[in-house]
Amino acid sequence: MTETEFSFKFYEFVLNDAQMQEPFGRARVYLTMLLLLEIFLGLAIIIVTAIYQRILGAYMADVERKMLGGQFFNTYILGFQLMVVYACSIAMWSSLWSRRCSPNVNLLLNLWMFFCFVVVFCGFGTIWSLITCADALENTAEMSLLKGIDLYYTCPEWKLLWDGLQYHKECCGVHSYKDWMKASWMPAEATQCQSTSR
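All of the points below concern the structure found in this document. These numbers come from a predicted model, not from an experiment.

Quick notes on the overall build of the protein
Scanning the protein for helices and strands turns up six helices and zero strands. The N-to-C order of helical and strand elements in the protein reads α-α-α-α-α-α. Counting across all 198 residues of the protein, residues that qualify as buried make up 24%. Within the protein, residue pairs in contact and separated by at least 24 positions form 65% of the contacts whose partners lie at least 6 positions apart.

Below, the structure is given as structure tokens:
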């Protein structure tokens, strides 16, 4: 075999090998993009939860803020799980593309599928938890704001909060301006006038 024949056969082998790996090359790109999307989804879940907790926590006392943090803890865990599991998945898949199928590779893929299933299961659990406690969160914020009306003149923090709400959000009360008539510091004549004016 001459040198030209050898180089031609080698070139043909490399070309065939590249053509056989091309579908996997595309699959590698698509899988990496999907895994990166999952990582950004986890980051977005953490950021949106933190923003929502900050907004809702602004209307609550310190004890209620801690309870709110406990209610959102599962959501933070879900976002962190998505980021860690799929970042590790990118590293795992980048080393797997060049390997042949073996029992060790099959075991690794089965473990990866198991952890992905766990993350999806935790995601459904977190969504169910948020849906079931949405009313409780609203009621907690509502009760906290009504308590803040009662503490308007005795607690400077609540006075500043309500003044800021009325100035920036242009709201008069929790439900309406009549919430102020039910405050504990309101004179009894004002509440009687309110009941007769209805």
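Okay, back to it.
Notes on the pattern of salt bridges
Counted under the stated rule, the structure contains one salt bridge. The shortest N-O distance in the salt bridge between aspartate 163 and lysine 159 comes to 3.0 Å. Taken together, the residues span about one helical turn, with aspartate 163 and lysine 159 both in helix 5 (residues 156-169) at a distance of four residues. Relative accessible area serves as the criterion here: at 28%, aspartate 163 is assigned to the partly exposed category. Overall, lysine 159 belongs to the partly exposed group, its relative accessible area being 34%.

Re the packing of aromatic side chains
Following the criterion strictly, the structure yields six aromatic pairs and no others. Between the aromatic rings of phenylalanine 114 and phenylalanine 115, the centroid separation amounts to 5.7 Å while the plane-to-plane angle is 65°, which identifies the pairing as edge-to-face. Its relative accessible area of 48% is what places phenylalanine 114 among the partly exposed residues. Given a relative accessible area of 44%, phenylalanine 115 falls into the partly exposed group. Pairing tyrosine 152 with tyrosine 153 gives two aromatic rings, centres 5.0 Å apart and planes at 85°, and the pair type is edge-to-face. An aromatic cluster is present here, built from Tyr152, Tyr153, Trp162 and Trp180 joined pairwise through their rings.

Things to note about the packing of helix 4 (residues 103-150) against helix 5
Think of two packed helices as two axes; the pair is described by the angle between the axes and how far apart they sit. Remark: helix 4 packs on helix 5, axes separated minimally by 9 Å, with the N-to-C direction vectors making an angle of 110°. In this view, helix 4 runs roughly perpendicular relative to helix 5, as classed from their interaxial angle. For the pair helix 4 and helix 5, the sense of crossing is left-handed. Together, Ser144, Leu145, Gly148 and Ile149 of helix 4 and Trp158, Leu161, Trp162 and Leu165 of helix 5 make up the contact between the two elements. Each residue belonging to the contact of helix 4 with helix 5 can be placed in one class, and the counts come to six nonpolar, two polar and no charged.

Things to note about the nonpolar core
The biggest cluster of nonpolar side chains holds 15 residues, and the ones touching the most others in it are Leu35, Leu82, Tyr86, Trp93 and Trp112. Elements that contribute at least two residues to this core include exactly helix 1 (3-57), helix 3 (73-96) and helix 4. Setting aside anything within four residues of it in sequence, one finds leucine 35 in contact with Tyr86, Ser89, Ile90, Trp93 and Trp112. Ranked by size, the runner-up nonpolar core spans 10 residues in total, among them Leu145, Tyr152, Leu165 and Trp180.

Overview of helix 4
Between its terminal C-alpha atoms helix 4 stretches 68 Å, which fits the 70 Å expected from 48 residues at 1.5 Å a residue. The largest bend in helix 4 is about 45°, located at cysteine 133.

Conventions used here
Residues numbered from 1 in each chain as written. Predicted model: local features only at pLDDT ≥ 70, side-chain atom pairs only at ≥ 80, totals over all residues. Heavy atoms only, no water. Helix = DSSP H or I, 4+ residues; strand = E, 2+ residues; numbered from the N terminus. Buried < 20%, exposed > 50% of the residue type's maximum accessible area, 1.4 Å probe, protein only. Contact = heavy atoms within 4.5 Å. Salt bridge = Lys/Arg side-chain N within 4 Å of Asp/Glu carboxyl O. Phe/Tyr/Trp six-rings, centres within 6.5 Å; stacked < 30°, edge-to-face > 60°. Axes fitted to C-alpha atoms, helices over the stretch in contact; angles between N-to-C directions. Parallel < 35°, antiparallel > 145°, perpendicular 65-115°, else oblique. Left-handed = near helix turned anticlockwise from the far one by under 90°. Nonpolar A, V, L, I, M, F, W, Y, C, P; charged D, E, K, R; others polar. Core = buried A, V, L, I, M, F, W, Y, C linked by side-chain atoms within 4.5 Å. Expected span 1.5 Å × (residues − 1). Bend = angle between axes of the 7 residues up to and from the residue.

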